[in-house]
Amino acid sequence: MKSAHALSILLSALLAIPLPCHSDEKLSGTLIGTTASTPATSPEMAFDGDLSTSFSSRDASYTWLGLDLGERHIITRVGIASRNNSSTDADKVWLGVFEGADSPDFSDAMPLHIVAEKPKPGVMTYADVSCSRGFRYVRYVGPSSAKCTVAELEFYGEKGNGDDNTLYRPTNLPLVSIHTLDGTIPYDKEHLIESTITIIAPDGDHIWAETGNVRLRGNYSMSTPKKPYRIKFEKKQRPLDAIAKAKKWTLINNYGDKTLMRNMLAFEVSRLMGMPYTPYSTAVDVMLNGEYKGCYQLCDQIEVNPNRVDIDEMTPDDNSGENLTGGYLIEVDAYASDERLWFTSTKGTPVTIKSPNEDYITDEQIDYIEQCYNKMESSWRSTLDLNTFLRHFLVGELTGNTDTYWSVYMYKKRSDDMLYTGPVWDFDLAFENDNRTYPINSHSNYIYTHGSYTGYMRSLVNAILANKNAKQQLYDIWKNARESGLTEQRLIAYIDSLEETLEQSQALNFIRWPIMNQYVHQNPVLWGSYEAEVENVRRYVRERLVWIDNKLGYTYDPSSGIKDTYNGQIDYGQPYNVYTLDGRLCGNTLEQLKPGLYVIKQGNTVRKTRIR
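The following refers to the structure shown. (Residues numbered from 1 in each chain as written. Predicted model: local features only at pLDDT ≥ 70, side-chain atom pairs only at ≥ 80, totals over all residues. Heavy atoms only, no water.)

## Considering the overall build of the protein chain
Then, number 1: Looking only at helices and strands, the protein chain has nine helices and 27 strands in total.
Then, number 2: The C-alpha radius of gyration computed for the protein chain amounts to 26 Å, which stays within 12% of the reference 25 Å derived for 612 residues, consistent with globular compactness.
Then, number 3: With the principal axes as the frame, the protein chain shows a C-alpha extent of 80 × 60 × 45 Å.
Then, number 4: Looking at the 612 residues of the protein chain, the share that counts as buried comes to 58%.
Then, number 5: Considering only intrachain contacts with a sequence separation of at least 6, the fraction spanning at least 24 residues in the protein chain is 70%.
Then, number 6: Here the protein chain displays about 24,900 Å² of accessible surface, and carbon together with sulfur accounts for 46% of that area.
Then, number 7: Side chains of the protein chain carry 63 positive and 79 negative charges; the gap between the two charge centres is 4 Å. (Helix = DSSP H or I, 4+ residues; strand = E, 2+ residues; numbered from the N terminus. Rg over C-alpha atoms; globule rule 2.2 N^0.38 Å. Buried < 20%, exposed > 50% of the residue type's maximum accessible area, 1.4 Å probe, protein only. Contact = heavy atoms within 4.5 Å. Areas by Shrake-Rupley, 256 points an atom, 1.4 Å probe, with all protein chains shown as cover. Lys, Arg positive; Asp, Glu negative; His and termini not counted. Charge placed at Lys NZ, Arg CZ, Asp CG, Glu CD.)

## Concerning empty space enclosed by the protein
Then, number 1: Under the defined criterion, the tally for this structure stands at two cavities of 30 Å³ or more.
Then, number 2: Of the pockets and cavities examined, the largest cavity occupies roughly 50 Å³.
Then, number 3: Taken together, His392, Val395, Gly396, Asn401, Thr404, Ser407, Val424, Trp425 and Phe427 make up the lining of the largest cavity.
Then, number 4: If you tally residues by element for the lining of the largest cavity, the top one is helix H5 (residues 386-399), at three residues.
Then, number 5: Of the residues contributing to the lining of the largest cavity, the split by class is four nonpolar, five polar and no charged. (1 Å grid on protein atoms, 1.4 Å probe; cavity = no way out; pocket = protein on both sides within 12 Å on 5 of 7 lines; lining within 4 Å. Points joined across faces, edges and corners; volume = space filled by probe spheres on them. Nonpolar A, V, L, I, M, F, W, Y, C, P; charged D, E, K, R; others polar.)

## Examining the sheet that holds strand S20 (residues 350-355)
Then, number 1: If you walk across this open sheet you meet the five strands as S19-S20-S18-S21-S22, and the pairing is antiparallel. The sheet terminates laterally at strand S19 (342-344) and strand S22 (419-421), the two strands that pair on one side only. Each strand axis lies, on average, 30° off the axis of its neighbour in the sheet, ignoring direction.
Then, number 2: Together, strand S21 (407-412) and S22 form the strand contacts of H5, whose direction differs from that of S22 by roughly 25°. (Pairing = 2+ DSSP bridges. Axes fitted to C-alpha atoms, helices over the stretch in contact; angles between N-to-C directions.)

## Concerning the environment of Val461
Then, number 1: Tracing the sequence through the fold places Val461 in helix H6 (residues 457-465).
Then, number 2: Using a relative accessible area of 1% as the deciding quantity, one classes Val461 as buried.
Then, number 3: Between the C-alpha atom of Val461 and that of Phe393, which follows or precedes it by 68 residues, the distance is 8.6 Å.

## Considerations on the sheet that holds strand S13 (residues 207-216)
Then, number 1: Taking strand neighbours around the barrel as the criterion, the seven strands line up as S11-S12-S13-S14-S15-S17-S16 in a closed arrangement whose pairing is mixed. Taken pair by pair, the neighbouring strands of this sheet meet at an average axis angle of 35°, ignoring direction.
Then, number 2: As judged from the six bridges shared by strand S11 (residues 175-180) and strand S12 (residues 193-200), these two strands associate in the antiparallel manner. Residue pairing for S12: Ile178 is matched across the bridge by Ile197.
Then, number 3: Across the sheet, helix H8 (residues 488-512) is in contact with strand S16 (281-288) and strand S17 (291-300); its angle to S17 comes to roughly 130°.

Now the structure itself:
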């Protein structure tokens, strides 16, 4: 599906176009909003019916104009017109957002509509609203980094409390909408901003609206214009189809990844490689205080949790005996010196202690895990779990992740001397997206020898790959994965499904962030379009599977193990199970499933089918 075609589909649903007469009424109320730039551009100018006058806010970003309707109304239509004074006037409403709320500070606001297409300047255009909830307060928020400038605004609707049967989303993806206390914008990793976090499910028929806090997250990614965030709910939540029930979640920005899918694809590789835990992730649209921020990934926070890193969670009382032995979550971390709780190993490796965290960990616990890590570096054969380390290695090599050993999570269980590796994390430079190693498959040696690394990690990998038994174990893990579903067909099908899922959202994302033809981060090539970016990943995956087969001396037999076919015939007289493409069980029938791609497992055969 081409971008232009996808955008036309998106706009057919979202485009503000002149509409015929409706039975609803044009609403009026008390004017509310941010300060105007001058008396000549006061709020009244946007509600006077005169397209030659306009409202313009004094400040840029997070500025808005609206109405206090006095009582709740179900909004059925909105209208907007930009000024017509210059060629850029229409840009000043493009991606503007309409919201409704019951609190005058809009802390509980819900989206009503986004201006998805650049409108004709100075022309009144309208859009129907698909939100069945009633609101007392309504507003229009100008697009990011611009003053709220509008010639006319109109709201239509009818009195009523409404319900949550239909909730608006700008695309087919779930929506995460964040409203912070007093409109404070998250600005670092230390300060937690009190917030209301609203998540609307893909069908627009379920909502999570909870209090919590938000801050920035990440390291390099935090320096990009499109900011990444960490959410912490006040109470544990299991949003959307997540597996874990937890307070902490991340919003990955994927700024330098123009496919917006590299992390999700790498997580699929992790699952197929048999890693004990692969982080949950799903693509979402994000709004912050009424501004559209783009396409993100809602993802697990890497932490100790029964459905995340499943080890004992320590307390400050666990200072001796068996209790002192675990569990610990650490990260070999090139950015460790920026953290509050970290150490340098005897071989110079910077290591962050993630759990227990800095608020609860004791000196005894710090000393213990530091000693464990130092022992692993000096005697890896007896203290490093090769099963997880080698699987983690293969995920990094198949994905071509030059940052594999820049950040490595490891954990230690209670009453277990071994250090385990995982989960995998951070793949924005993977799948042929790093100019320092492009083209990856032209190198004769593994990518870890060319990529970024931390301290002792490269030497450790060298030593492990030089060990005869470890090399055989690496071969066996790869052979088993290839014969159990790690196939070109399956990975390409997964890429196809992600491309289809992301098509609407990527179109809006690259309006908000027009970087498709700009080099950002370590981009090696300007491919010029979303389709070409995705095709680059497909091409790389096909070539890389063959490269690793050859490197390990393995011959792939397509007839062995599980076969992948599209739209295969199902024997309905025999039992079968239905899975999502990322391996989550949906049940044992195709009935009442949502449209999309699914995996059907019947006996030893796996078939893919599309429900329309």
